[in-house]
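Each chain, written out:
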Amino acid sequence: MTTRKRKRSLLPNSESVLNQTDGDVLFKRLIKSQSHTSSRTVHQSVSKDQHLSPYFSVKDAVRLGYIFFNQPCADLAKAFLGKVLVRKLSDGTELRGRVVETEAYLGGEDKASHSAGGKRTERNTAMFMEPGTIYVYPIYGIYLCMNVSSQGEGAAVLLRSLEPLNGQDVMRGLRAAKRKEGAKTLKDKELCNGPSKLCQALDIQRCFDRRDLATDSELWLERDPESETVNAGEVVSAPRIGVDSHGEWAIKPLRFYLKGHPCVSVVNRDAERQMHSQSCTPSSVLGPQRLTREGESAENFAVQ
């Protein structure tokens, strides 16, 4: 079957429209129809009186869909960095936070993954569902962590830390409700700097488990066109937190964070030095990495 090859007109826009072929007209109608369908994923800008991070712009913010989530786990974990997680509360308030730290759990041979060896349970079902499925699970019996499934059997990305962008006072209230009476007021950078902390600050409950982040009306992911690009040189790759008992998988660099960002839960100085060394000497052979302080693992999973 032959098709007519479209040529770009060299005429001004007004004349180009008059000289379009019937195929061009149909093509534009199709694009217009698709744009109308996808417009439901574009969210309005927040009002000017809301508290925003100086680094955040809501202009032309666009919701991310299935295509974004449908990529290999480690790639998705890095792609999450710089994107904005949005939680819409029952009263219409929208809480926003930029993702600054993630971990990849590959499933299969990844012994640190809940789905290691292809094991399926009632709890980890979401890890085997379509990319973009939310996986919320409890730790220590009282805290929650949020993950998002990716490509790969039983693979998912853990969201570890956010930079609060909008609704900080609401986040602070939600965090305070879970803390001891008389505890000091949390700084903005302390609101979401841990997987359980961000779940508390955004009121992400267990009921979000198995819901679709690409289509959900109360929780979704956006890109910010003015600051969505994260350079490879800004991303630190380090061992994951709290997986010390899983042999070789304990030291695999499957945690990713934005270098120098104040909202990162745990800074790995060794990983950052090696990152600098690699940029200077690409062929250097590097050894295992370690955390900067003993006991960081438990400290940063617990909500303080």
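This text goes with the structure placed above it.
Residues numbered from 1 in each chain as written. Predicted model: local features only at pLDDT ≥ 70, side-chain atom pairs only at ≥ 80, totals over all residues. Heavy atoms only, no water.

**Topic: helix α7 (residues 269–280)**
In step 1: For α7, built from 12 residues, the straight-helix expectation of 16 Å at 1.5 Å per residue is met to within 8% by its first-to-last C-alpha distance of 17 Å.
In step 2: Listed as buried for α7 are D270, A271, E272, Q274 and M275.
In step 3: Elements that come into contact with the buried residues of α7 comprise β8 (235–238) and β9 (255–258).
In step 4: For α7, the N-terminal cap is N268; the gap from its side-chain oxygen to the backbone nitrogen of D270 is 3.2 Å. (Helix = DSSP H or I, 4+ residues; strand = E, 2+ residues; numbered from the N terminus. Expected span 1.5 Å × (residues − 1). Buried < 20%, exposed > 50% of the residue type's maximum accessible area, 1.4 Å probe, protein only. Contact = heavy atoms within 4.5 Å. Polar contact = N/O pair within 3.5 Å; in protein donor to acceptor, adjacent residues only side chain to side chain.)

**Looking at the pairing of β9**
In step 1: A two-sided burial pattern is seen for β9, the buried positions comprising R255 and Y257 on one face and F256 and L258 on the other.
In step 2: Pairing between strand β3 (residues 94–105) and β9: three bridges, direction antiparallel. Counted as the bridge partner of T102 is F256 from β9.
In step 3: In the sheet, β8 pairs with β9 via four bridges, with the strands oriented antiparallel. Among the inter-strand pairings, S237 is bridged to a residue of β9, identified as F256. (Pairing = 2+ DSSP bridges.)

**Quick notes on the pairing of strand β5 (residues 143–149)**
In step 1: Counting buried residues along β5, seven of its seven residues qualify, which places the element largely inside the surrounding structure.
In step 2: Side chains Y143, C145, N147 and S149 project from β5 onto one buried face, and the interleaved L144, M146 and V148 project onto a second face that is buried too.
In step 3: Of the pairings in the sheet, the one linking strand β4 (residues 134–139) to β5 comprises six bridges and is antiparallel in character. Note on β5: the bridge partner recorded for V136 is M146.

**Thoughts on the packing of aromatic side chains**
In step 1: What the rule picks out here adds up to four aromatic pairs.
In step 2: Where F68 meets F80, the ring centres are 5.9 Å apart and the plane angle is 85°; that geometry is what we call edge-to-face. Taken as a pair, F68 in helix α3 (residues 66–69) and F80 in helix α4 (residues 73–80) lie far apart in primary sequence, 12 residues in all. We note that F68, like F80, is buried.
In step 3: Ring centres of Y135 and Y137 lie 5.1 Å apart, and the angle between their planes is 35°; on these two criteria the pair is classed as tilted.
In step 4: Relative accessible area serves as the criterion here: at 1%, Y135 is assigned to the buried category.
In step 5: Judged by its relative accessible area of 9%, Y137 falls in the buried class.
In step 6: Among the aromatic residues, those joined into a cluster by ring pairs are F68, F69 and F80.
In step 7: When the ring centre of Y105 is taken as origin, the NZ or CZ atom of R240, which lies over that ring, is 4.5 Å away.
In step 8: The ring of W249 carries the charged tip of K252 above its face, separated from the ring centre by 4.8 Å. (Phe/Tyr/Trp six-rings, centres within 6.5 Å; stacked < 30°, edge-to-face > 60°. Lys NZ or Arg CZ within 6 Å of the ring centre and 35° of its normal.)

**Things to note about the side chain of D209**
In step 1: Note on placement: D209 falls in the loop between α6 (195–201) and β7 (219–223).
In step 2: Given a relative accessible area of 15%, D209 falls into the buried group.
In step 3: Within the local environment of D209, its side chain forms a polar contact with the backbone nitrogen of V136, the two atoms lying 3.1 Å apart.

**Here we look at the pattern of salt bridges**
In step 1: Throughout the structure, instances matching the rule amount to 17 salt bridges.
In step 2: Here E101 and R255 are joined by a salt bridge, their closest N and O atoms 2.7 Å apart. Of this pair, E101 sits in strand β3 while R255 sits in strand β9, placing them 154 residues apart in sequence. A single burial state applies to E101 and to R255, both of which are buried.
In step 3: Salt-bridge contacts for D270 lead to R273; the nearest nitrogen and oxygen are separated by 2.4 Å. Of this pair, D270 and R273 both sit in helix α7, separated by three residues, roughly a single helical turn.
In step 4: Given the relative accessible area of 14%, D270 is considered buried.
In step 5: Taken together, the salt bridges that share partners define one network made up of E101, E103, R160 and R255. (Salt bridge = Lys/Arg side-chain N within 4 Å of Asp/Glu carboxyl O.)

**Focus on the nonpolar core**
In step 1: L85, M146 and I204 are the most contacted members of the largest nonpolar core, which has 50 residues in total.
In step 2: In terms of residues, this core owes the most to one element, α4, which gives five residues.
In step 3: The residues touching I204, leaving out its near neighbours within four places in the chain, are L85, R87, V136, L144, M146, L198, C199 and L219.
In step 4: Among the nonpolar cores identified, the runner-up in size contains 14 residues, and A126, I139, Y143 and L158 belong to it. (Core = buried A, V, L, I, M, F, W, Y, C linked by side-chain atoms within 4.5 Å.)

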